[in-house]
Amino acid sequence: MGRLALWAIAALMALALPLMAEVRPLAGQQDPAFEAALEVWLSDDEAKALPVLAGLAAADNPAAQVLLGLIDVTPQYQGRWLYALSRPERVALMRAPSVGSSGVSGQNWLRAAAADEPLAAAWVQLWDGNAKAEVMLDFARLGEESATHTAAKRLARRDAKGFGALADDPDFPLFAMGLAIRDWQKTDPARAKAAQEALPLADPGRALIGPYKPDPLALLALAETDPALGMLERHLAALCPNSGDAATRAKRLAAALEMLGGWWGLADLGPPAEALIDPDRWVTSAQGKAAFVRLLPDPDLHGGAGLDLCLADLLLRGAEERDALQ
């Protein structure tokens, strides 16, 4: 058997969907006070939930520290009540006091939790501009699918290298295969070619390495097994209850993917932490729905004539939400 054939087999094996590690619970998440505050936050009542979470974070509840820290740095998780606060009020509510500093910006709670919580430590590591591709695997090994995607996106934005060297790791996510292929295009062109040929034609990662115009029905079929696409399809199903037939759903999925920026936008769709919020719970919650529409672009007043009616309505809702945050 030739070397190219062996590379093709290896690529196919690498593209087999990895089993995501079991989500690792966070200390403090079973505290009844935290569970109640989380439920209120998911109902989109920031005014009631965030002060309670802040109190729990100050009382050294790691789950509250992780959730509050992620809300603080993720715009789509921030609603109207939080935006209306003055900067000093927001800092006092959302952040830990700065340690050994006279600064007034406070410290993100993830830094406080990082000493004992691997998930918080992975986020702090990702914030380091010199972070390596390996940090993506740290999230994957914690069972944090959405954070794994976010890490891949941010590292790619920084033009980080090393994805190809990690691709044989059993925890390497299919979402990042396009990044591995980009590495191999420079270091191992034959392997890059074989892996690209093995990548599903509808895989959004293809946009990282060449032209990408997927067949909508193929995209919908891939969403059944691809976690990132599946998250987008879940959001659309929750927000468009009369989903229509497969062709309608496929067209809506393809349009939404393009509006979100393709592969890059898929990284932003999940909950703050899957250890705290199951994805199904997230997409059906008021907070999850609001977070999704905040990510959508403004409506195209001149080019939306043939747009799916539900998706057009979501664009309007997103624009109204962003206007209210200004």
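Caption draft 1: Main features of the overall build of the protein. Per the secondary structure count, the protein includes 20 helices and 0 strands. A compact globule built from 326 residues would reach a C-alpha radius of gyration of about 20 Å, and the protein, at 21 Å, matches this within 12%. Its C-alpha atoms give the protein principal-axis dimensions of roughly 65 × 50 × 35 Å. Sorting the 326 residues of the protein into buried and exposed places 49% on the buried side. Sequence-distant contacts in the protein: of pairs separated by 6 or more residues, those separated by 24 or more amount to 63%. Accessible surface for the protein amounts to roughly 15,000 Å². Of this, 55% is attributable to carbon and sulfur atoms. Here the protein holds 30 positive side-chain charges and 42 negative ones, and the gap between their average locations is 5 Å.

Caption draft 2: Region of the structure containing the state of the cysteines. Counted according to the given criterion, the structure contains 1 disulfide. Shown here is the disulfide that connects C240 with C310, its sulfur atoms set 1.9 Å apart. Taking the sign of the S-S torsion, about -90 degrees here, the bridge from C240 to C310 comes out left-handed. One end of the pair, C240, is in the loop between α15 (227–239) and α16 (246–259); the other, C310, is in helix α20 (residues 309–324), with 70 residues separating them in the sequence. There is no split in this pair, since C240 and C310 are both buried.

Caption draft 3: Main features of the packing of helix α19 (residues 286–295) against α20. Two elements in contact, α19 and α20, have axes whose closest approach is 7 Å; the angle formed by their N-to-C orientations is 90 degrees. Overall, the two elements α19 and α20 adopt an arrangement that is roughly perpendicular. The residues of α20 that touch α19, namely those facing F292, V293 and R294, are L314, G318, E321 and R322. Broken down by class, the residue content of the contact of α19 with α20 amounts to 3 nonpolar, 1 polar and 3 charged.

Caption draft 4: Looking closely at unusual backbone geometry. Here the phi dihedral of D44 falls at roughly 75 degrees; this positive angle occurs in a residue that is not glycine. With respect to the secondary-structure elements, D44 resides in the loop between α2 (32–42) and α3 (46–58). Overall, D44 belongs to the partly exposed group, its relative accessible area being 33%. Residue D60 is not a glycine yet carries a positive backbone phi of 70 degrees. Within the secondary structure, D60 is located in the loop between α3 and α4 (62–73). Judged by relative accessible area, D60 falls into the exposed class, the value being 59%.

Caption draft 5: Focus on the packing of aromatic side chains. For the structure on display, the rule yields 6 aromatic pairs. Summarising the aromatic geometry, the rings of W123 and F139 are spaced 5.0 Å apart at their centres and angled 65 degrees between planes, so their arrangement reads as edge-to-face. One end of the pair, W123, is in helix α8 (residues 118–127); the other, F139, is in helix α9 (residues 134–141), and 16 residues separate them in sequence. On the basis of relative accessible area, F139 is assigned to the buried category, the value being 0%. Summarising the aromatic geometry, the rings of F175 and W263 are spaced 4.6 Å apart at their centres and angled 15 degrees between planes, so their arrangement reads as stacked. With a gap of 88 residues between them, F175 in the loop between α11 (163–166) and α12 (177–187) and W263 in helix α17 (residues 263–266) connect regions that are remote in the sequence. Clustering of aromatic rings is evident, with ring pairs tying together W41, Y77 and W282. The ring of Y83 has R90 sitting right over it, with the charged end atom 6.0 Å from the ring centre. Above the ring of W264, the side-chain terminus of R157 is found at 4.0 Å from the ring centroid.

Caption draft 6: Examining the pattern of salt bridges more closely. Under the counting rule described, the total for this entry stands at 15 salt bridges. In this structure, the salt-bridge partner of R141 is D171, at a minimum N-O distance of 3.1 Å. On the criterion of sequence distance, the pair formed by R141 in helix α9 and D171 in the loop between α11 and α12 is long-range, its members being 30 residues apart. Of the residues examined, R141 reaches a relative accessible area of 40% and is grouped as partly exposed. Three or more residues joined by partner-sharing salt bridges are found here, namely R80, R294 and E321.

Caption draft 7: Main features of the nonpolar core. If you look at the biggest cluster of nonpolar residues, it comprises 99 residues, and the most contacted ones within it are W41, F172, L232, F292 and L314. At 7 residues, the largest contribution of residues to this core is made by α4. With residues near it in sequence (within four places) discarded, F292 still touches L232, H235, L236, L239, L260, L269 and L314.

Caption draft 8: Region of the structure containing the side chain of E46. With respect to the secondary-structure elements, E46 resides in helix α3. Dropping the residues within four chain positions of it, E46 is found in contact with W41, P51, Y77, Q78, G79, R80, W81 and L82.

About the thresholds
Residues numbered from 1 in each chain as written. Predicted model: local features only at pLDDT ≥ 70, side-chain atom pairs only at ≥ 80, totals over all residues. Heavy atoms only, no water. Helix = DSSP H or I, 4+ residues; strand = E, 2+ residues; numbered from the N terminus. Rg over C-alpha atoms; globule rule 2.2 N^0.38 Å. Buried < 20%, exposed > 50% of the residue type's maximum accessible area, 1.4 Å probe, protein only. Contact = heavy atoms within 4.5 Å. Areas by Shrake-Rupley, 256 points an atom, 1.4 Å probe, with all protein chains shown as cover. Lys, Arg positive; Asp, Glu negative; His and termini not counted. Charge placed at Lys NZ, Arg CZ, Asp CG, Glu CD. Disulfide = S-S within 2.5 Å. Axes fitted to C-alpha atoms, helices over the stretch in contact; angles between N-to-C directions. Parallel < 35°, antiparallel > 145°, perpendicular 65-115°, else oblique. Nonpolar A, V, L, I, M, F, W, Y, C, P; charged D, E, K, R; others polar. Phe/Tyr/Trp six-rings, centres within 6.5 Å; stacked < 30°, edge-to-face > 60°. Lys NZ or Arg CZ within 6 Å of the ring centre and 35° of its normal. Salt bridge = Lys/Arg side-chain N within 4 Å of Asp/Glu carboxyl O. Core = buried A, V, L, I, M, F, W, Y, C linked by side-chain atoms within 4.5 Å.

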